[in-house]
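# Structural features, examined
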Amino acid sequence: MRFWIAVIPLVLFAALAGIFLTNIGKDQSVIPSALIGKPAPEFSLPPLPGRDKGISHSDLTQGHVSVINIFASWCVPCRAEHPMIKRLAAEADVPVYGLNYKEKDPQDGVNWLDEMGDPYTAVGMDISGRTAIDFGVYGVPETFIIDGQGKIAYKQVGPIDEKTLEDVLLPKIRELKKG
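From a predicted model like this one, the values you see are computed outputs, not experimental measurements. (Residues numbered from 1 in each chain as written. Predicted model: local features only at pLDDT ≥ 70, side-chain atom pairs only at ≥ 80, totals over all residues. Heavy atoms only, no water.)

## Concerning the pattern of salt bridges
Counted under the stated rule, the structure contains twelve salt bridges. Where aspartate 167 meets lysine 163, a salt bridge forms, and the shortest distance between an N and an O atom there is 2.7 Å. Taken together, the positions of aspartate 167 and lysine 163, both in helix H5 (residues 162-178) and four residues apart, correspond to about one turn of that helix. A relative accessible area of 59% means that lysine 163 is categorised as exposed. What emerges from the salt-bridge pattern is a single network uniting Arg87, Glu91, Glu162 and Glu166. (Salt bridge = Lys/Arg side-chain N within 4 Å of Asp/Glu carboxyl O. Helix = DSSP H or I, 4+ residues; strand = E, 2+ residues; numbered from the N terminus. Buried < 20%, exposed > 50% of the residue type's maximum accessible area, 1.4 Å probe, protein only.)

Written as structure tokens, this is what we have:
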């Protein structure tokens, strides 16, 4: 019995040390998505008040690369990210769709875009958050690159900064556009 009392803590320590050592050097901000390479979920979202066009799954299956950015007016990191979304829309030459996530009042999303600028091709309201859940969203902001066949090619968790835009997103979009 004394043997097991001495060995069990050592085995637990060795197991935890092994887990720790295997994760050294890995980027902890990268969260893998089970949806990479799979079709984007079916959805249809109405437009923001006063806007003409919402977004739906069919917008993503038109044979061209597209981007979906999940944002909300109450999201502080979304505010910091927004200049990069505007730059992405200007430089990537692909449709950039906005998915306005869980606004208490849809007018808040309209006011936010009026204040910050609206780089989106179209914006859909996801009041319930159901579409974001179907995309596997952990929180806002998140951004998805969708290939020309409507499959999720890349997922960015958290705000896009200049380095991520230049080193990851724009090259990935260019690669997908080449086919």
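Here the narrative resumes, following the displayed structure.
## Re the sheet that holds strand S4 (residues 96-101)
Taken together, the five strands give an open sheet; going across it, the order is S5-S4-S3-S6-S7, and neighbouring strands pair in mixed fashion. The open sheet is flanked by strand S5 (122-126) and strand S7 (152-157), the only strands paired with a single partner. Along the sheet, successive strands turn relative to each other by an average axial angle of 20°, direction set aside. Strand direction decides the pairing type here: S4 and S5, joined by five bridges, are parallel. (Pairing = 2+ DSSP bridges. Axes fitted to C-alpha atoms, helices over the stretch in contact; angles between N-to-C directions.)

## Observations concerning the state of the cysteines
By definition, a disulfide links the sulfur atoms of two cysteines through a covalent bond. In this structure the tally under the stated criterion is one disulfide. Disulfide pairing is shown between cysteine 75 and cysteine 78; the S-S distance is 2.3 Å. Residues cysteine 75 and cysteine 78 are joined by a disulfide whose S-S torsion is about 85°; by sign, that bridge is right-handed. Cysteine 78 matches cysteine 75 in its accessibility class, with the two residues each being buried. (Disulfide = S-S within 2.5 Å.)

## Here we look at the packing of helix H2 (residues 76-91) against helix H3 (residues 106-116)
Running from amino to carboxyl end, H2 crosses H3 at an angle of 60°, the nearest separation of the two axes being 11 Å. In terms of axis orientation, H2 runs oblique to H3. Here H2 runs over H3; the crossing is right-handed. Here Cys78, Arg79, His82 and Lys86 of H2 come into contact with H3, specifically with Trp112, Leu113, Glu115 and Met116. Across the contact of H2 with H3, the residue classes break down as four nonpolar, one polar and three charged. (Parallel < 35°, antiparallel > 145°, perpendicular 65-115°, else oblique. Left-handed = near helix turned anticlockwise from the far one by under 90°. Contact = heavy atoms within 4.5 Å. Nonpolar A, V, L, I, M, F, W, Y, C, P; charged D, E, K, R; others polar.)

## Thoughts on H2
A rise of 1.5 Å per residue sets the reference length of H2, with its 16 residues, at 22 Å; its end C-alpha atoms lie 24 Å apart and thus fit the reference within 8%. In the structure, H2 departs most strongly from a straight axis at histidine 82, where the bend amounts to approximately 40° and where the proline proline 83 lies between one and four residues downstream. Every buried residue of H2 is listed here: Cys78, Glu81, His82, Met84, Ile85 and Leu88. Next to the buried residues of H2 lie strand S3 (66-71), S4, H3, strand S6 (142-146) and H5. Taken from the residues just after H2, aspartate 93 is the one with a positive phi, measuring 55°. (Expected span 1.5 Å × (residues − 1). Bend = angle between axes of the 7 residues up to and from the residue.)

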